[in-house]
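Residue-level structural notes
Single-letter residue listing:
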Amino acid sequence: MNLPEIRQLKIFIALEETRSFTAAANKNFITQSAVSHSIKSLEKQLDCSLIERMGKRITLTPYGEVFLHHAKRVIAELESSLTKIETLKHWGYSSIRVGASDTICQYILPSVLNTFARMHPKCEITVDLGDTLAMQKKLAHGQLDLAIGIHLAPSDNNFIFTPLTEDTLCFVTSPDHDWVQRQTNRGGSLTDVRLIAYGAESETMRLITKHFSETVVKYRHPLSLGNMEAIKEMTKIGLGVGIIPPWVAKKEFEKGELVAHTISSPPPRRNWGVFSNSGKTFSLPEEDFITICREEMEKAIHTGRKLEEVGA
């Protein structure tokens, strides 16, 4: 089978976006009959119907939906390559588009970017904020080069996962909480406390839910927040029991503002890594970026683990 032409992909995408032959023609600066001919030629080439006409309405067939997803990805990758080529033409500049969670952006990326800038001063890094699943969608659409996230969901053949490190989760309370004042036997139930955890739709929340389900722990649905700092602040004033990785509370443990408590033995464990599209070959700057991320995360997590052992 011969591969479709880029022109055909752009016309098909325009038709799906506008749902109008006239509008798709205007968008591509061609005639309406040229749009119709391009779609018919594409359907003949693929040996399937991509669109259905219902009066003046146009809808995609299941074949069209599949083809649209990959067509958009192809166009996005080509546009990305053109952008990178243009930047390389100007003084040898290159770029990396990185996706990361709020936690990584706040606690890890500043030191990573500082080190990386010294190694690759002509490589521009842009950072997109979001949780793992959101970043994977952007990867799939060619909007990111790398995404730092947690590997929990079933593996997807569309992505490569390059491991960075692992961390664990712990409970944290204020120093005057009952769990600190007396030895508390939770006995498989947390229904008497308000839990405060990260992101209702995040991989961290999925891990917590999975862990409690497997260990048969009863609990109230946690209050979910999208920021670790907010979780710590609410926990410090006694609004509940936070669930965080200990390395994000280094300062609070040292100042005695928060106290760590083990969730279980072994505790819930998160597997951090870098997602990239299947078949991707890392450039030298990307390889160095991943290496620096691994070093900085391991350093932060090791320090947090020691502080948790002291405070637990």
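Residues numbered from 1 in each chain as written. Predicted model: local features only at pLDDT ≥ 70, side-chain atom pairs only at ≥ 80, totals over all residues. Heavy atoms only, no water.

Regarding the overall build of the protein
- Within the protein, the regular secondary structure consists of twelve helices and 14 strands.
- The globule rule puts the C-alpha radius of gyration for 312 residues at 20 Å, and the 25 Å found for the protein is more than 25% above it.
- With the C-alpha coordinates aligned to their principal axes, the bounding extent of the protein is approximately 80 × 50 × 30 Å.
- Split into buried and exposed, the 312 residues of the protein put 44% on the buried side.
- Partitioning the contacts of the protein with sequence separation of at least 6, the portion at a separation of at least 24 is 76%.
- Counting every atom, the protein has about 16600 Å² of accessible surface; 54% of that belongs to carbon and sulfur.
- Separation of charge centres in the protein, based on 37 positive and 37 negative side chains, amounts to 4 Å. (Helix = DSSP H or I, 4+ residues; strand = E, 2+ residues; numbered from the N terminus. Rg over C-alpha atoms; globule rule 2.2 N^0.38 Å. Buried < 20%, exposed > 50% of the residue type's maximum accessible area, 1.4 Å probe, protein only. Contact = heavy atoms within 4.5 Å. Areas by Shrake-Rupley, 256 points an atom, 1.4 Å probe, with all protein chains shown as cover. Lys, Arg positive; Asp, Glu negative; His and termini not counted. Charge placed at Lys NZ, Arg CZ, Asp CG, Glu CD.)

A few points about the pairing of strand β12 (residues 241-244)
- Burial along β12 is two-sided: Val241 and Ile243 and Gly242 and Ile244, pointing in opposite directions, are all buried.
- Of the strand pairs in this sheet, strand β7 (residues 170-173) and β12 are connected by three bridges, and their pairing is antiparallel. Its bridge partner lying in β12, Phe171 is registered against Ile243.
- Of the strand pairs in this sheet, strand β9 (residues 195-198) and β12 are connected by two bridges, and their pairing is parallel. Bridged to Leu195 within β12 is Val241. (Pairing = 2+ DSSP bridges.)

Digging into the pattern of salt bridges
- In the structure shown here, the tally under the stated rule is 17 salt bridges.
- Salt-bridge contacts for Glu166 lead to Arg269; the nearest nitrogen and oxygen are separated by 3.6 Å. Of this pair, Glu166 sits in strand β6 (residues 159-168) while Arg269 sits in strand β14 (residues 269-277), and the two are 103 residues apart along the sequence.
- Judged by relative accessible area, which is 42%, Arg269 ranks as partly exposed.
- A salt bridge links Glu252 to Lys232; the shortest N-O distance between them is 3.2 Å. In this pair, Glu252 is assigned in helix α11 (residues 250-255) and Lys232 in helix α10 (residues 228-236), connecting sequence segments 20 residues apart.
- One salt-bridge network, in which partners are shared between bridges, spans Glu16, Arg19 and Lys72. (Salt bridge = Lys/Arg side-chain N within 4 Å of Asp/Glu carboxyl O.)

Describing the packing of helix α2 (residues 21-28) against helix α3 (residues 32-46)
- At a minimum axis separation of 8 Å, α2 and α3 run at an interaxial angle of 100 degrees. With respect to α3, the axis of α2 lies roughly perpendicular. Two secondary-structure elements touch here, α2 through Phe21, Thr22, Ala24 and Ala25 and α3 through Gln32, Val35 and Ser36.
- Looking at the contact of α2 with α3, its residues break down into four nonpolar, three polar and no charged. (Axes fitted to C-alpha atoms, helices over the stretch in contact; angles between N-to-C directions. Parallel < 35°, antiparallel > 145°, perpendicular 65-115°, else oblique. Nonpolar A, V, L, I, M, F, W, Y, C, P; charged D, E, K, R; others polar.)

As for empty space enclosed by the protein
- Taken as a whole, this structure holds one cavity of 30 Å³ or more when the rule is applied.
- In this structure, the largest cavity encloses a volume near 110 Å³.
- Together, 15 residues line the largest cavity, and Ser101, Asp131, Ile150, Tyr198 and Trp272 are the ones closest to its centre.
- Every element with two or more residues in the lining of the largest cavity is listed here: β5 (146-150), α9 (203-214) and β14.
- It is β5 that provides the largest number of residues to the lining of the largest cavity, a total of three residues.
- Split by residue class, the lining of the largest cavity holds five nonpolar, seven polar and three charged. (1 Å grid on protein atoms, 1.4 Å probe; cavity = no way out; pocket = protein on both sides within 12 Å on 5 of 7 lines; lining within 4 Å. Points joined across faces, edges and corners; volume = space filled by probe spheres on them.)

Some details on helix α7 (residues 132-140)
- Every buried residue of α7 is accounted for by Thr132, Met135, Gln136, Leu139 and Ala140. All buried residues of α7 project into a common sector of 140 degrees when viewed along the axis, lining one side.
- Of the residues trailing α7, Gly142 is marked for its positive phi of about 75 degrees. (Arc of directions from axis to C-beta.)

Remarks on the sheet that holds β7
- A sheet is described by the order of its strands in space; here five strands give the open sequence β11-β9-β12-β7-β13, paired in mixed fashion. Whereas interior strands pair on both sides, the edge strands pair on one side only; in this sheet they are β11 (223-225) and β13 (259-261). Across the sheet, the mean angle from the axis of one strand to that of its neighbour is 30 degrees, orientation sign disregarded.
- Judged from the three bridges that link them, β7 and β13 form a sheet pairing that is antiparallel. If you follow Val172 over to β13, its bridge partner there is Ala260.
- Against the sheet, α9 touches β7, β9, β11 and β12, its axis set at about 135 degrees to β9.
- Running at roughly 150 degrees to β12, α10 makes contact with β7, β9, β11 and β12 of the sheet.

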